[in-house]
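Working through the structure, step by step
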Amino acid sequence: MRVVYEDNHIIVVYKESGEIVQGDKTGDTPLSDIVKDYIKEKYQKPGNVFLGVVHRLDRPVSGLVVFARTSKALSRLNEMFRNGDVHKTYWAITKDTPAHAEGRLEHWLVRNEKQNKSYAYSSEKPGSKKAVLDYKLIGKTDNYNLLEVNLLTGRHHQIRCQLAAMGCPIKGDLKYGARRSNPDGSISLQSHKVRFVHPVSKEVIDLEAPLPSDALWQALKGR
């Protein structure tokens, strides 16, 4: 586990692809438990450690995850996420090049719980939720593209579903139309930057994740 930022009220850590943020039916140890153990050991805290989960990343996605260390920070962060006051920037690698180098995608997403998948439509459908994101092509090699994505709504699998609907599924994302999986089971999507006003001190927190050591990420970064 890599800690990117911590103080008395919040802790931001880097999640590797494959890790789960919260416990699920797999029974695998979640990142939240690892962070609790870290806090308990570092600060020699007796008893249970408080840690609030305010958002999640899909299992195959890497990047920054914000946790609350106090109930005050948790309630304020929950409200900030609800109101869109936490700005997350994602980087995604795609095989296919978008028709336009930058733009806004607007779809209506319908979530299929049984398949754990969302479907994108150009008009409103029963049970759908509007999904909006901005993207920009920021890097390119002979075979791959690096897109920067800013979410304007927070929907289930939103980036994965909307980029696929644009004809640019994320590398390794078989669920949304990628041609082949990544060797480690990841998808090439990272929560790369997070920016918000600290829920207690009110200072601006602006953080950036380290890129995976994978050669393709490193090659695209330099373009």
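Residues numbered from 1 in each chain as written. Predicted model: local features only at pLDDT ≥ 70, side-chain atom pairs only at ≥ 80, totals over all residues. Heavy atoms only, no water.

**Focus: the nonpolar core**
Defined as follows: Only buried Ala, Val, Leu, Ile, Met, Phe, Trp, Tyr and Cys residues count toward a nonpolar core, and they belong to the same one when joined by side-chain atoms within 4.5 Å. To sort residues, take the accessible area from a 1.4 Å probe on protein chains only and compare it with the maximum for the residue type: under 20% means buried, over 50% means exposed, and anything in between is partly exposed. Secondary structure elements are taken from DSSP: a helix is a run of H or I of four residues or more, a strand is a run of E of two residues or more, and numbering for both begins at the N terminus. Working rule for contacts: check all heavy atoms of both residues, and any pair within 4.5 Å makes them a contact.
Counting 25 residues, the largest nonpolar core has Val 35, Phe 67, Val 149, Ile 159, Leu 163, Ile 170 and Leu 189 as the members making the most contacts within it. Elements that contribute at least two residues to this core include exactly strand 2 (10–15), helix 1 (31–42), strand 4 (62–68), strand 5 (87–94), strand 8 (129–140), strand 9 (145–151) and helix 3 (158–165). Apart from residues no more than four positions distant in its own chain, Phe 67 is found in contact with His 9, Ile 10, Ile 11, Val 13, Val 21, Leu 31, Ser 32, Val 35, Leu 51, Gly 52 and Val 53. Counting 17 residues, the second largest nonpolar core, distinct from the first, contains Tyr 14, Leu 77, Met 80 and Ala 209.

**With respect to the pairing of strand 1 (residues 2–6)**
Put simply, the rule reads: Two strands are counted as paired when DSSP detects at least two bridges linking them.
Pairing geometry for strand 1 and strand 2, over four bridges, is antiparallel. Bridging from a neighbouring strand, Glu 6 pairs with Ile 11 of strand 2.

**Let's talk about helix 3**
Helical geometry note: an α-helix holds 3.6 residues per turn, so side chains three or four residues apart project in the same direction. When you tally the buried positions in helix 3, you get six out of eight residues, the bulk of the element. Of the surrounding secondary structure, the elements contacted by the buried residues of helix 3 are strand 5, strand 6 (102–112), strand 7 (117–121), strand 8, strand 9 and strand 10 (189–197). Following helix 3 by one or two positions, Gly 167 has its phi on the positive side, about 95°.

**Quick word on the layout of surface pockets**
The cut-off we apply is this: Cavities and pockets were defined on a 1 Å grid built over protein atoms only: a cavity is a set of grid points that admits a 1.4 Å probe from which the probe cannot escape, a pocket is an open set flanked by protein on both sides within 12 Å along at least five of seven lines, and lining residues are those with an atom within 4 Å of any such point. Grid points are joined across faces, edges and corners, and a volume is the space filled by probe spheres set on the points. Note on residue classes: Ala, Val, Leu, Ile, Met, Phe, Trp, Tyr, Cys and Pro are nonpolar, Asp, Glu, Lys and Arg are charged, and everything else, Gly too, is polar.
Taken as a whole, the largest pocket holds about 1,500 Å³ of empty space. Only helix 2 (71–83), strand 5, strand 6, strand 9 and helix 3 provide two or more residues apiece to the lining of the largest pocket. Class assignment of the residues belonging to the lining of the largest pocket gives a composition of 15 nonpolar, 17 polar and 13 charged. Considered as a void within the structure, the second largest pocket measures approximately 320 Å³ in volume. Per-class residue counts for the lining of the second largest pocket are ten nonpolar, six polar and five charged.

**Let's talk about the packing of aromatic side chains**
Inclusion rule: Pairs were defined over the aromatic rings of Phe, Tyr and Trp, the Trp ring being its six-membered one, requiring ring centres within 6.5 Å. Orientation was assigned from the angle between planes: stacked under 30 degrees, edge-to-face over 60, tilted for the rest. In our convention, an over-ring charge means Lys NZ or Arg CZ found within 6 Å of a ring centre and within 35 degrees of that ring's normal.
In this structure the tally under the stated criterion is zero aromatic pairs. The positively charged end of Arg 2 is found above the aromatic ring belonging to Tyr 14, 5.1 Å away from the centroid. The ring of Tyr 144 carries Lys 95 above its face, with NZ or CZ at 5.1 Å from the centroid.

**What to know about the pattern of salt bridges**
Applied cut-off: Think of a salt bridge as a Lys or Arg side-chain nitrogen and an Asp or Glu carboxyl oxygen that are within 4 Å of each other.
Counted according to the given criterion, the structure contains nine salt bridges. Of the charged contacts in the structure, one is a salt bridge between Arg 59 and Asp 28, with a shortest N-O distance of 2.5 Å. One end of the pair, Arg 59, is in the loop between strand 3 (52–53) and strand 4; the other, Asp 28, is in the loop between strand 2 and helix 1, with 31 residues separating them in the sequence. Using a relative accessible area of 33% as the deciding quantity, one classes Asp 28 as partly exposed. Between Asp 173 and Arg 160 there is a salt bridge, with the nearest N and O atoms lying 2.8 Å from each other. A residue pair is termed long-range when its members are at least 10 positions apart, and Asp 173 in the loop between helix 3 and strand 10 and Arg 160 in helix 3 qualify at 13 residues. Here the two residues Asp 173 and Arg 160 agree in accessibility, since each one is buried. Connected via shared salt-bridge partners are Asp 58, Arg 160 and Asp 173.

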